[in-house]
Amino acid sequence: SEARYPPIFEEAPRCSESTLEAVLAAGPEALLTGGPLLLRNATAGWAANAWDDAAIAAAVGETLVEMMAMPTTTHPTLDAAADALVEPARCSVYVADFLKLTGEAAEAVPFEAYLAQLNLLRLPPLLRGVCLSTALPPSSLSIANLWVGGALMKNGLHFDLYDNLLYQLRGTKRALLFPPADAKHLYYGAATIRRHGFDLAAGGVTNETTFDKVRHNVAKLNVFADDVASTHPAVARASPSLCEVRRGDALFLPRGWHHAVISTSRGARRNLAVNLWYAASASGQGQGLSALADMFQQEGCGAGAEGGAGGGGKEEL
């Protein structure tokens, strides 16, 4: 199945699980010092649980955003000849047009596309469907993002410098995780990033790539390749774990943990997730995003939400 990793990783232990209620009872410090944790029933009361393409289009369909487009479902891809990683093309698109392009009724197109790290502060009607949990200190909240994909997308191995709470709203994510100490087994280094071009008149993504930047947080290997254990033998000395994040779940991922993600969706061809990045375990504080807490959902949130517990039902978008 395209939604599976090679056997060397599929055989890894599954990540630890808990509930949002248990995490709230233990307090933020326990979460920050305990490693990755899968939280069940984490979006109870969220208005965002009702999001579908029609609701998103009605709320923010005329907003111009940046679409990522690539020739395959995997990114980045390896360009051995250029000793580079190739990232998706960037293309401006209206949200409504993206949803039509990638939705259930869409005609086949010769490229894959998704929306990555959409700043929810630019999408207030959507942010009002997201509850701000106190599982991590709201004062350390730095960024709130929306991710919109189709039936299948694979995001290669990398790490981030934020503590991450990823909430799955539609579809499933299968996250392959490695602790920070595994970096020496995962083929990191200065990675030259090249980027595909995009020309809709020529059919979409072009094979020609151009230099974009050098990154140090992206591994120079393809963890989805069946022969990865033979082409990159050091991975056998790493300590992977697998987390299956289903609709309504959240994954807490501490800063510095290496992760790759397979995003899938059955039937509706839509994968939706919201992630909140925190500077909770880093020196200093976040960027003051918690001062905008009133932009988040206020009514009907479950216990431990900044907006407070409430008895209301789901708010329509």
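For the structure itself, consult the block above.
Residues numbered from 1 in each chain as written. Predicted model: local features only at pLDDT ≥ 70, side-chain atom pairs only at ≥ 80, totals over all residues. Heavy atoms only, no water.

## Re helix H4 (residues 53-60)
Taken together, the buried positions of H4 are Ala55, Ile56 and Val60. Taken down its axis, H4 places every buried residue within 95° of arc, on the same side. Looking at H4, the residues exposed on the side facing more than 90 degrees away from the buried face are Ala54 and Ala58. Those residues of H4 hidden inside the fold are in contact with helix H5 (95-102), helix H6 (124-127) and strand S18 (271-278). (Buried < 20%, exposed > 50% of the residue type's maximum accessible area, 1.4 Å probe, protein only. Helix = DSSP H or I, 4+ residues; strand = E, 2+ residues; numbered from the N terminus. Arc of directions from axis to C-beta. Contact = heavy atoms within 4.5 Å.)

## What to know about the state of the cysteines
Evaluated as defined, the whole model comprises 2 disulfides. Two residues share a disulfide in this structure: Cys131 and Cys301, whose sulfurs sit 2.1 Å from each other. Disulfide Cys131-Cys301: torsion about the S-S bond near -90°, hence left-handed. Highlighted residues: Cys131 in the loop between H6 and strand S9 (141-149) and Cys301 in the segment after S18, separated in sequence by 170 residues. With relative accessibility at 3%, the residue Cys131 sits in the buried group. When its relative accessible area of 2% is taken as the criterion, Cys301 is described as buried. Sequential numbering of the bridged cysteines in the chain gives the disulfide pattern 1-3, 2-4. (Disulfide = S-S within 2.5 Å.)

## Notes on the environment of Arg128
Structurally, the position occupied by Arg128 is in the loop between H6 and S9. Note: C-alpha distance between Arg128 and Met295 (167 residues apart in sequence) is 5.9 Å.

## Some remarks on the environment of His75
Secondary-structure assignment places His75 in strand S4 (residues 74-75). Since its relative accessible area comes to 4%, His75 is described here as buried. Sequence separation between His75 and Glu244 is 169 residues; the distance between their C-alpha atoms is 20 Å. Contact partners of His75, with chain neighbours within four places excluded, come to Met70, Glu87, Pro88, Tyr114, Met153, Lys154, Asn155 and Gly156.

## Observations regarding the sheet that holds strand S14 (residues 204-215)
One open sheet holds the 4 strands; their spatial order is S5-S6-S13-S14, and the pairing between them is mixed. Edge positions in the sheet fall to strand S5 (77-79) and S14, since each of these pairs with one other strand and no more. Taking each pair of neighbouring strands and ignoring which way they run, the sheet shows an average axis angle of 35°. Looking at chain direction, S5 and strand S6 (residues 84-87) are connected through 3 bridges and run antiparallel. Looking at S6, one finds that Asp79 is bridged to Ala84. (Pairing = 2+ DSSP bridges. Axes fitted to C-alpha atoms, helices over the stretch in contact; angles between N-to-C directions.)

## Considering the pattern of salt bridges
Once their charged atoms are close, side chains differing in charge can pair, the charge on each being opposite to the other. In the structure shown here, the tally under the stated rule is 10 salt bridges. Arg174 is paired through a salt bridge with Glu10; the nearest N and O atoms lie 2.7 Å apart. Highlighted residues: Arg174 in strand S12 (residues 172-178) and Glu10 in helix H1 (residues 7-10), separated in sequence by 164 residues. Neither Arg174 nor Glu10 differs from the other in exposure class; each is buried. Notably, a salt bridge pairs Arg270 with Asp53, separated by 2.8 Å at the nearest N-O pair. On the criterion of sequence distance, the pair formed by Arg270 in the loop between strand S17 (258-264) and S18 and Asp53 in helix H4 is long-range, its members being 217 residues apart. (Salt bridge = Lys/Arg side-chain N within 4 Å of Asp/Glu carboxyl O.)

## Looking at the packing of aromatic side chains
Across all of its chains, the model carries 6 aromatic pairs by this definition. Note on Tyr5 and Phe224: the rings are 5.7 Å apart at their centroids and 25° apart in plane angle, and the pair reads as stacked. Linking Tyr5 in the segment before H1 with Phe224 in the loop between S14 and helix H7 (228-231), this pair joins segments that are 219 residues apart in sequence. Between Phe9 and Phe178, the aromatic rings sit 5.7 Å apart at their centres with planes inclined by 85°, giving edge-to-face as the arrangement. Note that Phe9 is positioned in helix H1 and Phe178 in strand S12, a separation of 169 residues in sequence. On the basis of relative accessible area, Phe9 is assigned to the buried category, the value being 1%. (Phe/Tyr/Trp six-rings, centres within 6.5 Å; stacked < 30°, edge-to-face > 60°.)

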